[in-house]
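# Chains, contacts and geometry: an overview
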Amino acid sequence: MSHCNQSICPSGNLAEMCDTAASWQQKADRLTVELNTTQELLHAEIDRLKQANETLHAAVSCAPIFLWATDRDGKLTLAAGKGLENLGFKPGATDGQSIFEVYTSQPDILENIAEVVAGNDRTWNAREGHFIHEIRSTALRDGNGEVVGAVGVSTEITEREQLIATLETANQELEDRLQQQTAFFNAALAESEKKYRNLVETSQELIWSIDIEGLLTFVNSAAKRIYGYEPPEMIGRRFTDFLVPDEESRPREIFAQLLARTKLHPQTANSPYETVHIRKDGTPVHLRVNSIVNQAENGAILGLCGTATDISDRKRAEEALKEATDQLRAVLDAVPGLISWISSDLRYIGVNQHLATSFNLSPESFVGQEINFLDKGSTFGELIRIFFDSSSQQICQEIEIEINGFVRNYLIVAQKYHQGTAAVSVGIDITDRKRAEALKNQLICSLQESEHKFRSLYEATSDAVMLLDEKEFFDCNPATLKIFCCSNTKQFYGKKLSDFSPQFQPSGQNSSSLAIQRISTAMQTGSCRFDWVHKRLDGSEFPAEVLLNAMEINGRKVIQAVVRDITDRKRDEDGIKASLAEKEVLLKEIHHRVKNNLQVISSLLKLQSRYIQDTHVSEMLKESQNRVRSMALVHEQLYQSKDLSNIDFAEYIQNLAHNLFQAYENHAEGVKLQTTIAPCSLNIDTAVPCGLIINELVTNALKYAFKGQVKGKINIDFTLENNRVCVLTVSDSGIGFPQHLDYRKARTLGLRLVGSLVKQIRGEIELLETTGTTFRITFSQPKLHSEEKI
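Values in this document were obtained by computation on a predicted structure and should not be read as measured data. (Residues numbered from 1 in each chain as written. Predicted model: local features only at pLDDT ≥ 70, side-chain atom pairs only at ≥ 80, totals over all residues. Heavy atoms only, no water.)

### Re the overall build of the chain
For the chain, the count of helices and strands is 20 helices and 27 strands. The proportion of buried residues among the 790 residues of the chain is 34%. Total accessible area computed for the chain in this model is approximately 49,400 Å², and 53% of it derives from carbon and sulfur atoms. (Helix = DSSP H or I, 4+ residues; strand = E, 2+ residues; numbered from the N terminus. Buried < 20%, exposed > 50% of the residue type's maximum accessible area, 1.4 Å probe, protein only. Areas by Shrake-Rupley, 256 points an atom, 1.4 Å probe, with all protein chains shown as cover.)

Written out as structure tokens, the structure is:
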């Protein structure tokens with residue numbers, strides 16, 4: 001109203017009423033604005049909740065779970081999740097169903113849902129077909145906290161349950177195996193202790209120990225044989241009680257030095273020394289003693305222990321040998337011949353008195369001198385040099401030696417000893433004999449005797465010896481008639497070579513034309529040797545070895561033919577060839593089976609590694625598997641090659657590196673392999689250690705060298721130098737070998753194995769200072785089995 005009724009509203013209150021109306025109008029406007037704002041926020045929240053609900057629904061639909069909700073009667077109000085398919089339901093197929101219809105095969109579903117509706121959380125496992133589900137459920141409450149239903153999540157745990165069962169089975173197997181091994185080791189330990197006690201008590205050497213006061217605390221039963229005392233008689237006495245007074249200083253000094261060591265010093269034996277002790281009967285006994293410090297686990301020195309060997313017999317033998325040597329020296333000095341001992345470096349070791357006197361020198365002045373120091377280029381020096389260069393163990397030769405301006409003739413007899421590193425030479429003066437021989441004219445008698453010997457040999461030899469000219473045979477020995485079944489020489493003389501040969505030889509060539517070629521060759525070159533098939537007069541054939549020699553008789557050129565029947569040899573050769581073929585087949589089969597057995601071991605290691613969760617143990621098994629593979633690869637190449645004793649090392653390295661890159665394909669990603677391998681064949685004794693060395697070095701490079709790097713390179717180089725020195729280099733472009741780590745003292749099995757294998761092939765290993773890591777191994781090229789046979 002625009003104005004007030006004065007009869008109702010007195011004029012004094014009109015202004016107050018107008019102010020009150022305006023105030024209420026402002027409040028109404030403010031409330032309207034707040035209401036509109038609240039409605040906008042409410043609509044925004046409704047939109048957000050709708051979007052969140054859609055997102056949640058999409059996430060649940062994709063998740064490998066089954067999310068459900070029911071009312072108090074168990075009727076499903078929500079069923080979502082990809083895990084619903086494992087129960088055999090498609091999305092939307094559970095609308096209107098109850099949770100009991102979904103889990104029809106679970107007899108305790110009703111009890112569990114009842115517990116949840118009663119307000120208790122429940123978790124249980126349910127099996128549907130091949131699947132195992134873990135169900136977690138809780139009560140669904142309204143705003144007043146009243147239970148209006150249940151909500152739950154079903155998660156498939158089939159694989160987890162199977163894994164748990166597998167782990168339990170494996171754990172039980174490991175426990176059983178551990179118990180078996182523990183029992184085995186305890187039995188082995190007891191057996192080892194028994195063997196050790198038997199060894200100590202039956203040892204021919206004295207085994208002893210003394211405390212820090214020098215008192216004997218133990219001696220074995222050898223004390224009775226060496227000292228004549230029973231062990232209890234010696235225990236508790238000082239070791240100095242058994243020393244010869246003149247020999248006390250050396251043992252006391254060693255005793256003091258060893259006890260002065262601390263626990264920081266290594267427990268290594270002192271240098272062996274020889275001493276003299278006293279037996280129970282007062283006679284001396286010579287001993288060779290070894291001793292070592294006996295320390296407790298905390299490093300405290302408890303005393304000394306060691307062994308003592310009775311060397312009295314050796315001492316007596318040395319004295320007897322010295323006496324015999326003195327006697328021999330006296331005899332050699334009295335011999336009127338030039339006797340000298342010479343080393344393989346052509347220097348005098350010693351001479352007898354007669355040789356020294358012949359040159360007006362003393363025997364000592366020859367020792368260490370070159371054998372031709374008195375006459376450079378002497379015949380004797382050249383003879384001895386050639387003798388040492390040859391494989392002969394003995395020579396006998398006449399030479400001329402100039403002594404004091406006179407040339408004399410000597411018969412030099414030399415014999416090697418000490419495995420060919422030295423020789424003894426005896427020179428006998430034959431000057432007078434040579435002069436006497438020069439005065440005798442026995443040439444005619446010698447020729448007659450020689451002719452008689454050769455004629456006897458010609459008649460007595462079992463080989464057929466015959467003479468023929470360009471036309472026919474005209475002479476033969478008795479063995480010829482026997483070999484060719486001739487009853488007399490008339491059946492043989494006048495025959496041609498083709499008359500005793502089949503028409504064709506085994507090569508398919510005509511016997512007549514081939515015989516003419518052989519005779520022509522013998523005429524031109526002087527001799528000709530070949531195999532031939534002959535035919536006897538009775539028509540039988542036999543293989544023979546023929547030697548044709550051209551000679552001249554009374555100005556006429558003839559051929560001497562020597563025929564040897566080699567029927568037995570051929571038969572033996574055929575048998576040997578057949579036996580060799582059988583052995584080669586057997587050797588290939590052995591290599592094949594060894595390779596198969598090693599592959600079985602590799603497969604067992606691989607299968608075992610699948611059941612081990614510890615990655616460190618798994619890696620150890622994998623490394624062992626690769627080592628077995630590298631050895632199996634050697635046998636595989638051997639039985640596939642023609643040479644069953646040596647292996648193509650270049651091909652072996654290529655195959656080994658390829659296998660390693662396949663085994664460590666995760667580590668080898670981005671890593672390139674480059675090989676430079678010189679052609680070389682190695683025997684199996686060297687190829688296997690080299691393969692294991694490459695296996696360890698390449699494995700270490702793949703596992704550790706390229707951490708934090710995307711790309712890398714591994715090089716394997718193998719060269720063979722002129723002096724038969726093999727150089728194997730394995731390098732990588734990785735982060736380099738740790739500077740604080742000494743590869744020679746590394747505790748890892750791989751590097752320790754590399755060091756042992758290098759020693760096995762008698763080689764040397766060094767770590768070069770280059771970018772990345774470079775190991776260089778050098779060793780002498782071993783002789784191949786084929787060379788050893790030669």
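And the narrative resumes.
### So, the sheet that holds strand 5 (residues 147-156)
The strand order 2-1-5-4-3 describes an open sheet built from 5 strands, whose pairing is antiparallel. The two strands at the open ends of the sheet, each matched to only one other strand, are strand 2 (76-80) and strand 3 (122-128). Geometrically, the sheet is characterised by an average inter-axis angle of 20° between neighbouring strands, direction not taken into account. Pairing geometry for strand 3 and strand 4 (residues 131-141), over 7 bridges, is antiparallel. Opposite Ala126, over in strand 4, you have His133 as the bridge partner. Docked against the sheet, helix 3 (residues 109-117) engages strand 1 (65-71), strand 3, strand 4 and strand 5, running at close to 155° with respect to strand 3. Relative to the sheet, helix 4 (residues 158-202) contacts strand 3, strand 4 and strand 5, its axis offset from that of strand 4 by approximately 125°. (Pairing = 2+ DSSP bridges. Axes fitted to C-alpha atoms, helices over the stretch in contact; angles between N-to-C directions. Contact = heavy atoms within 4.5 Å.)

### Quick word on the nonpolar core
If you look at the biggest cluster of nonpolar residues, it comprises 44 residues, and the most contacted ones within it are Phe718 and Ile777. Secondary-structure elements contributing two or more residues to this core are helix 17 (649-663), strand 22 (671-677), helix 18 (684-705), strand 24 (712-720), strand 25 (725-732), helix 19 (749-760) and strand 27 (773-780). The dominant element in this core, judged by the number of residues it contributes, is helix 18, at 11 residues. Setting aside chain neighbours within four positions, we find Ile777 in contact with Ile693, Leu697, Cys726, Val727, Leu728, Val758, Glu764 and Ile765. In this structure, Leu468, Cys486, Ile519 and Val563 belong to the second largest nonpolar core, which totals 25 residues. (Core = buried A, V, L, I, M, F, W, Y, C linked by side-chain atoms within 4.5 Å.)

### Comments concerning the packing of aromatic side chains
Per the counting criterion, the structure on display carries 15 aromatic pairs. Their ring planes at 80° and their centres at 5.6 Å tell us that Tyr229 and Phe242 sit as a pair that is edge-to-face. With Tyr229 in the loop between helix 5 (222-227) and helix 6 (231-234) and Phe242 in the loop between helix 6 and helix 7 (249-259), this pair connects stretches of sequence that are 13 residues apart. Given the relative accessible area of 12%, Tyr229 is considered buried. Here the aromatic cluster, defined as three or more aromatic residues joined through ring pairs, consists of Phe473, Phe484, Phe492, Phe500 and Phe542. Stacked on the ring of Phe387, the Lys or Arg Lys416 has its end atom at 4.8 Å from the ring centre. The side chain of Arg518 reaches across the aromatic face of Phe530, ending 4.9 Å from its centre. (Phe/Tyr/Trp six-rings, centres within 6.5 Å; stacked < 30°, edge-to-face > 60°. Lys NZ or Arg CZ within 6 Å of the ring centre and 35° of its normal.)

### What to know about the environment of Asp313
Relative to the elements of secondary structure, Asp313 occurs in helix 8 (residues 312-334). Classification of Asp313 as exposed rests on a relative accessible area of 56%. Separated by 28 residues in the primary sequence, Asp313 and Val285 have C-alpha atoms spaced 9.5 Å apart.

### Examining the environment of Asp732
Following the sequence through the fold, Asp732 ends up in strand 25. On the basis of relative accessibility, which here comes to 9%, the residue Asp732 falls in the buried class. Along the chain, Asp732 and Thr770 lie 38 residues apart, while their C-alpha atoms are 9.7 Å from each other. Dropping the residues within four chain positions of it, Asp732 is found in contact with Ala701, Ala705, Phe706, Lys713, Ile714, Thr771, Gly772 and Thr773. Engagement of the side chain of Asp732 in a polar contact is seen with the backbone nitrogen of Gly734, the distance being 2.9 Å. (Polar contact = N/O pair within 3.5 Å; in protein donor to acceptor, adjacent residues only side chain to side chain.)

### Description of empty space enclosed by the protein
Under the defined criterion, the tally for this structure stands at 2 cavities of 30 Å³ or more. For the largest cavity, the calculated volume is near 270 Å³. Taken together, 20 residues form the lining of the largest cavity, with Trp208, Phe239, Tyr273, His277 and Val289 sitting closest to its centre. Every element with two or more residues in the lining of the largest cavity is listed here: strand 6 (206-211), strand 7 (216-219), helix 7, strand 8 (273-278), strand 9 (284-295) and strand 10 (301-310). (1 Å grid on protein atoms, 1.4 Å probe; cavity = no way out; pocket = protein on both sides within 12 Å on 5 of 7 lines; lining within 4 Å. Points joined across faces, edges and corners; volume = space filled by probe spheres on them.)

### As for the pairing of strand 8
Successive residues of a regular strand alternate their side chains across the two faces of the sheet. The pairing of strand 8 with strand 9 spans 6 bridges and is classified as antiparallel. The partner of Thr275 across the bridge, within strand 9, is Leu287. A loop of 5 residues connects strand 8 with strand 9, the two strands running antiparallel in sequence, and Gly282 in this loop sits at a positive phi of about 90°.

### Notes on the packing of helix 17 against helix 18
Here helix 17 crosses helix 18 at 35°, and the two axes come no closer than 10 Å. In this structure, helix 17 crosses over helix 18, and the sense of that crossing is right-handed. Judged by residue contacts, Phe649, Tyr652, Ile653, Leu656, Leu660 and Phe661 of helix 17 engage Ala687, Cys690, Gly691, Ile694, Asn695, Val698, Thr699 and Leu702 from helix 18. (Left-handed = near helix turned anticlockwise from the far one by under 90°.)

### Here we look at the side chain of Ser511
By secondary structure assignment, the location of Ser511 is in helix 14 (residues 511-525). On the basis of relative accessible area, Ser511 is assigned to the buried category, the value being 2%. Look past the residues within four positions of Ser511 in its chain and what remains in contact with it is Ser501, Pro502, Gln503, Phe504, Gln505 and Trp532.

### Some words on the sheet that holds strand 27
In a beta sheet, neighbouring strands are held together by backbone hydrogen bonds and run either parallel or antiparallel to one another. Pairing is mixed in the open sheet, where 5 strands are placed in the order 22-24-25-27-26. If you trace the sheet from one side to the other, it starts and ends with strand 22 and strand 26 (764-768), each paired once. Across the sheet, the axes of successive neighbouring strands diverge by a mean angle of 10°, strand direction being ignored. In this sheet, strand 25 lies alongside strand 24 in antiparallel orientation, the contact comprising 7 bridges. Bridging from a neighbouring strand, Phe718 pairs with Leu728 of strand 25.

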